[in-house]
Amino acid sequence: ILALERQFAGNPLVEIISLKGNHEEMMLSQVGEATDAWLGQGGRETLESYGIEPEEHLFDWADLLPADHLDWLLARQTMCSASHCSTASSRHMLP
């Protein structure tokens, strides 16, 4: 999604609204220490997709993410309300 946002930035015909869902909220709540609860709910796979070995980086995994990815996650909203959409889900939505 981040790549799509960058690709279409400035294009007046395309508006991408990326929301922070429950998995993103859970991920951000684990900065500082990854718990078994998060690792068991997809956190392990998320970290591995970044080339991070969870057991070796329980406390510093966020420092190993690309800074722009973490900043992007932190900046996401949890809801969207507009004339063409209304959702509180992280599912893909097109008008």
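What counts, and at which threshold
- Residues numbered from 1 in each chain as written.
- Predicted model: local features only at pLDDT ≥ 70, side-chain atom pairs only at ≥ 80, totals over all residues.
- Heavy atoms only, no water.
- Bend = angle between axes of the 7 residues up to and from the residue.
- Helix = DSSP H or I, 4+ residues; strand = E, 2+ residues; numbered from the N terminus.
- Contact = heavy atoms within 4.5 Å.
- Buried < 20%, exposed > 50% of the residue type's maximum accessible area, 1.4 Å probe, protein only.

## A word on helix H3 (residues 36–49)
Since the α-helix advances by 3.6 residues per turn, residues separated by three or four positions end up pointing in the same direction.
Phase 1: Gly42 marks where H3 bends most, by close to 75°.
Phase 2: Contact partners of the buried residues in H3: helix H2 (22–29) and helix H4 (61–64).
Phase 3: Backbone geometry just downstream of H3 places Gly51 in the positive-phi region, at approximately 80°.

## Quick notes on the side chain of Ser18
Phase 1: Along the chain, Ser18 turns up in the loop between helix H1 (2–8) and H2.
Phase 2: For Ser18, a relative accessible area of 10% corresponds to the buried category.
Phase 3: The residues touching Ser18, leaving out its near neighbours within four places in the chain, are Ile1, Glu5, Trp72, Arg76 and Gln77.

## Looking at the environment of Gly42
Phase 1: Here Gly42 shows up in helix H3.
Phase 2: For the pair formed by Gly42 and His23, sequence separation is 19 residues and the distance between their alpha carbons is 8.0 Å.

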